[in-house]
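Letter by letter, the chains look like this.
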Amino acid sequence: MTESHRVVVTGFGIFTAFGFGEKALLDGVFSGRPSFRDVTRFDTSPFRCSSAGVYEGDGPEIPDVSFPEDAPPRQHDALLACSRAAIDMAGIAPSKIAGALVGSQGDYTPITRYWRSVTGGADTPDTAFLKDSVPGQLAHGLGDALGLGPLRMTFINACVASADSIIHASRLISRGRADALLCGGAYLVERELFAKFDSARALAKDGFVRPFSKDRTGLLLGDGVACLMLESEASATARGANVLARVAGWGITSDAYHASRPHPEGRGTAQAMESALRVAGLGSDAVDYVNVHGTGTASNDTSETAALRRVFGDRAAHLPVSSTKSTTGHTLEGAGAVEAVITLLALNQGLIPPTANFTTPDPACDLDYVTDGPRRKSLRRAMTTNSAFGGANTALLLEQA
Amino acid sequence: MIDTRTERLLVSEALVVPSGVTAGDITVEPTEARRVPGFVESAFSPLVKAVIDRCLADVTGGAAFGDEGARTGIVLATLGGDATTADLGSRLLASGQVANPLLFFQSVPTTILGVIARDYGITGPTTCVALRGDLRSEALDLVDTILDDSMDQVLLLGIDLAAEDRALSAQAELTDGGPHAGASQVDAAVAFFVRRADSAPESAEVSVAPVADERLAAFGSLAGLAQLYFTVRTRRAAAASGTVAVDVGSALGERRLHLHLGEPR
């Protein structure tokens, strides 16, 4: 990567169960406070689990987004609010942004409403916002509403989708194809996927996500929308923009192992991390903290632990590693972007967010998971990893500007 | 204006339309897409597996890649994704039935690509992207960008299912002036296996028309990729070698992609 085409972050907007913006994240994620509560936006009585990391109005409000009583807000509206925050923070004119890259599977709520109206015998199906259920529409709607340049892509690769949007934007900027791109992703807890995770008995029975803890009982879903403004360093410097961090490296791989289980030795995750280091031209000793996928399932925890040992060797035992899904829940397609913003804040605040809810060590997970609360540490570079069903893995390496 | 010209090797291609389709002088014979264990009800995943198996049949003989697997990527491009699974799961839930965890539409694309990656030993990037309008330009541009990002070969897969009920209604709502492709009328998948080209061999060149052929309207968002497939097949039938030029009108600029027709090895 030439210096002029180095990729930098100049703005972000984020919404989680803790509310909108940086302060909400610092008060919640960085203090190790879980956001899980009983879901009220849909009826959970048919399900085994009733908890998720959902926003219920007790944190900073997300601007211009309305919350229906029986469903989450539109993903489009939440993405728009986060994008505006990212663009405002970057101080860039929307016309200078080449396009929008979004990680989302599309908005499910209009599908729910459509089929509920059909099975309920309505004269005409409920088609309100039905176009948002076409995944590619979200990037179009966002780009059009903001007046961005013409590139529109929606990544639908599940829990690595928004990480992939950041990776592809970084590829395009690093090759000089674009000077500035908006990227990110969204998931807001809704009934369809909640029901499927519940029926698969994947949701934590005790209402807490406990990554790397022996008494873990599963994952919980969470609201998560985040957008980042990526630019070439040359573009940002020419504008006099405040550079928040560099995207020094990235990697995306496949396990080639199993349809739903991660590779037990973390092969794909390790290769994604190694790829990110290779792009950055750095060795593994350059990394000061890793924000891992950390879903709170046994197979994920042991696979990630093995991956970290493969990449960092003996140093892995002393490298701070944490899973912030222990506070936010699993934000699915939004996870890569949400956790990229958390990692960026960790760099800039010199503060490592903890793995919350940890109670009992698991002999198979023997690293430093930052379980004793937030930790002050000067960080030069930090990595964030994500994984998805099918064995897809991503890694992003951020460094201080 | 064409900004750049890129040389790539097109090793193999395949098109699968389980129902078969006839449009003007174009005929695609019906092909069975066999069931894939763990994927129920929808044609999406069997179709992905069938078209990739066919595309790679003469490349690997059905075996996994060796060391090249680490330098191989997969791109899945679609308009609607697995709408069948999404709709069936939602319909069952709306009618009060227990949710079937196998109808896990959120992760169908990555999961079936995980099966493909396992079967062929592919450990490079696998990505899934939803686009509006005809998929050809942005999908080929994505392949090109991944090849430039240290990969040697990329398998491109375009897939869409015939739009029904909810998907038809949703696509009818796309009236905001953005790009549109007519709804797919058939379940179809098309695949191209593309490699880096170390050199640009001198060979006769044919161009793919910039606008999708009206006869291919049944393919909806896949019409442009189907058109590329038929152009390549015609060229391969006429000569042992050749080049097919595609103007890739990506949103980030016009590029001319030269696909040199190589033989599988």
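Criteria and cut-off values
- Residues numbered from 1 in each chain as written.
- Chains lettered and ligands numbered in written order.
- Predicted model: local features only at pLDDT ≥ 70, side-chain atom pairs only at ≥ 80, totals over all residues.
- Heavy atoms only, no water.
- Helix = DSSP H or I, 4+ residues; strand = E, 2+ residues; numbered from the N terminus.
- Rg over C-alpha atoms; globule rule 2.2 N^0.38 Å.
- Contact = heavy atoms within 4.5 Å.
- Areas by Shrake-Rupley, 256 points an atom, 1.4 Å probe, with all protein chains shown as cover.
- Lys, Arg positive; Asp, Glu negative; His and termini not counted.
- Charge placed at Lys NZ, Arg CZ, Asp CG, Glu CD.
- Buried < 20%, exposed > 50% of the residue type's maximum accessible area, 1.4 Å probe, protein only.
- Pairing = 2+ DSSP bridges.
- Expected span 1.5 Å × (residues − 1).
- Polar contact = N/O pair within 3.5 Å; in protein donor to acceptor, adjacent residues only side chain to side chain.
- Phe/Tyr/Trp six-rings, centres within 6.5 Å; stacked < 30°, edge-to-face > 60°.
- Salt bridge = Lys/Arg side-chain N within 4 Å of Asp/Glu carboxyl O.
- Core = buried A, V, L, I, M, F, W, Y, C linked by side-chain atoms within 4.5 Å.
- Buried area = accessible area lost by both parts, 1.4 Å probe.
- Nonpolar A, V, L, I, M, F, W, Y, C, P; charged D, E, K, R; others polar.
- pLDDT = per-residue confidence, 0-100.
- Axes fitted to C-alpha atoms, helices over the stretch in contact; angles between N-to-C directions.
- Parallel < 35°, antiparallel > 145°, perpendicular 65-115°, else oblique.

Time to look at the overall build of chain B. A tally of helices and strands in chain B yields six helices and 10 strands. The C-alpha radius of gyration of chain B comes to 18 Å, within 12% of the 18 Å expected for a compact globule of 265 residues. If one aligns the C-alpha atoms of chain B with their principal axes, the spans along those axes are about 65 × 45 × 35 Å. Look at the contacts in chain B between residues 6 or more apart in sequence, and 78% of them connect residues 24 or more apart.

Here we come to the overall build of chain A. A tally of regular secondary structure across chain A gives 11 helices and 15 strands. Compactness check: chain A gives a C-alpha radius of gyration of 20 Å against a globular reference of 21 Å for 401 residues, within 12% of the reference. Overall, chain A is about 65 × 50 × 40 Å in size when its C-alpha atoms are taken along their principal axes. If you take every contact in chain A between residues at least 6 apart in sequence, the share linking residues at least 24 apart comes to 79%. Accessible area of chain A: about 12,300 Å², with a carbon and sulfur share of 48%. Within chain A, one finds 37 positive and 43 negative side-chain charges whose respective centroids are separated by 4 Å.

Here the focus is the pairing of strand E14 (residues 381–388) of chain A. Two faces, one strand: in a regular strand the side chains alternate between the faces of the sheet. All names here are of chain A. Buried residues dominate E14, accounting for eight of its eight residues. Neither face of E14 is exposed, since Arg381, Met383, Thr385 and Ser387 on one face and Ala382, Thr384, Asn386 and Ala388 on the opposite face are all buried. In this sheet, E14 lies alongside strand E10 (residues 289–291) in parallel orientation, the contact comprising three bridges. Directly across from asparagine 291, in E14, lies its bridge partner threonine 384. Pairing geometry for E14 and strand E15 (residues 392–399), over eight bridges, is antiparallel. Bridge pairing in E15 places alanine 382 opposite leucine 398. Remark: three residues form the turn of the hairpin made by E14 and E15, two consecutive strands paired antiparallel; glycine 390 in that turn has positive phi of roughly 90°.

What follows is about helix H11 (residues 335–349) of chain A. All names here are of chain A. Compared with the 21 Å implied by 1.5 Å per residue over 15 residues, the 21 Å span of H11 between its first and last C-alpha is a close match. Most of H11 is tucked away: 13 of the 15 residues are buried. Where H11 terminates, the next one or two residues include glycine 350, which has phi positive at roughly 60°.

Take the side chain of Arg210(A) next. Along the polypeptide, Arg210(A) turns up in the loop between helix H6 (191–199) and strand E8 (224–232). Here the side chain of Arg210(A) touches Asp206(A) through a polar contact of 2.9 Å, side chain to side chain.

Right, let's get into unusual backbone geometry. Residue and element names in this part refer to chain A. With a phi close to 55°, alanine 256 is a non-glycine residue in the positive phi region. Position of alanine 256 among the secondary structure elements: in the loop between strand E9 (245–254) and helix H8 (267–280). The class for alanine 256 is buried, based on a relative accessible area of 13%. Its identity as a non-glycine residue notwithstanding, valine 370 has a phi of 50°, on the positive side.

Right, let's talk about the packing of aromatic side chains for a bit. All names here are of chain A. A complete count under the given rule lists 10 aromatic pairs over all chains for this structure. Both rings, one in phenylalanine 42 and one in phenylalanine 194, keep their centres 5.3 Å apart while their planes meet at 70°; by these two values the pair is edge-to-face. Here the residue phenylalanine 42 occupies a position in the loop between strand E3 (37–38) and strand E4 (51–52), and phenylalanine 194 occupies one in helix H6, the gap between them amounting to 152 residues. A single burial state applies to phenylalanine 42 and to phenylalanine 194, both of which are buried.

Turning to the pattern of salt bridges, a few remarks are in order. The full count for this structure, using the stated rule, is 40 salt bridges over all chains. Here Asp149(B) and Arg171(A) are joined by a salt bridge, their closest N and O atoms 3.0 Å apart. Note that Asp149(B) is positioned in the loop between helix H4 (136–148) and strand E6 (153–160) and Arg171(A) in helix H5 (residues 161–174), a pairing that runs across two chains. Among the residues examined, Arg171(A) registers a relative accessible area of 4% and is labelled buried.

Counting 92 residues, the largest nonpolar core has Leu181(A), Leu228(A), Leu230(A), Phe192(B), Phe219(B), Leu228(B) and Phe230(B) as its most contacted members. With nine residues, the top contributor of residues to this core is H11(A). In this structure Leu181(A) touches Ile97(A), Ala98(A), Gly99(A), Leu101(A), Leu151(A), Ala169(A), Leu172(A), Ile173(A), Leu228(A), Met229(A) and Leu230(A), once residues within four positions along its chain are discounted. Counting residues in hydrophobic clusters, the runner-up holds 37 residues, among them Ala50(B), Ile112(B), Ile122(B) and Ile159(B).

Let's shift gears to the interface of chain B and chain A. Between chain B and chain A, the residue contacts involve 58 residues of the former and 58 residues of the latter. Between chain B and chain A lies a buried interface of about 5,100 Å² when both sides are counted; carbon and sulfur atoms form 65% of it. Looking only at chain B, the three residues that lose the most surface to chain A are Gln106(B), Arg166(B) and Leu252(B), adding up to 14% of its buried area. Connecting chain B to chain A are three salt bridges. Among the elements of the structure, helix H2 (83–94), helix H3 (108–120), strand E5 (126–130), H4 and helix H5 (165–172) of chain B are those that each provide at least two residues to the side of chain B that touches chain A. Broken down by class, the residue content of the side of chain B that touches chain A amounts to 25 nonpolar, 20 polar and 13 charged.

Attention shifts here to the environment of Tyr187(A). Residues and elements named next belong to chain A. Mapped onto the elements, tyrosine 187 comes out in strand E7 (residues 180–187). Separated by 146 residues in sequence, tyrosine 187 and glutamate 333 place their C-alpha atoms 5.8 Å apart. Contacts of tyrosine 187, omitting those with residues within four sequence positions, involve Gln75, Tyr108, Leu193, Leu221, Gly222, Asp223, Gly224, Val225, Thr331, Leu332, Glu333 and Gly334. For tyrosine 187, the side chain forms a polar contact with the side chain of glutamate 190, separated by 2.6 Å.

Quick look at the confidence of the model for chain B now. Taken over all residues, the pLDDT of chain B has a mean of 90, while the share at 70 or more is 96%. Confidence metrics for the complex model read pTM 0.97 and ipTM 0.97.

Let's shift gears to the environment of Glu263(B). Residues and elements named next belong to chain B. Structurally, glutamate 263 is set in the segment after strand E10 (253–261). Sequence-wise, glutamate 263 and leucine 9 are 254 residues apart; in three dimensions their C-alpha atoms are separated by 9.1 Å. Non-local contacts of glutamate 263, meaning those with residues more than four positions away in its chain, are made with Val11 and Ala240.

This part covers the side chain of Thr72(B). Residue and element names in this part refer to chain B. Among the structural elements, threonine 72 can be located in strand E4 (residues 72–78). Looking at threonine 72, the relative accessible area reads 0%, which means it is buried. Only 2.7 Å separates the side chain of threonine 72 from the backbone oxygen of glutamate 68, close enough to count as a polar contact. Of the polar contacts made by the side chain of threonine 72, one reaches the side chain of glutamine 153; its length is 2.9 Å.

All right, on to the packing of H5(A) against H11(A) then. Residue and element names in this part refer to chain A. Between H5 and H11, the shortest axis-to-axis distance is 5 Å and the interhelical angle comes to 65°. Accordingly, the angle class assigned to the pair H5 and H11 is roughly perpendicular. Here Ser162, Ala163 and Ile166 of H5 come into contact with H11, specifically with Ala335, Gly336, Ala337 and Ala340. Of the residues belonging to the contact of H5 with H11, the class tally is five nonpolar, two polar and no charged.

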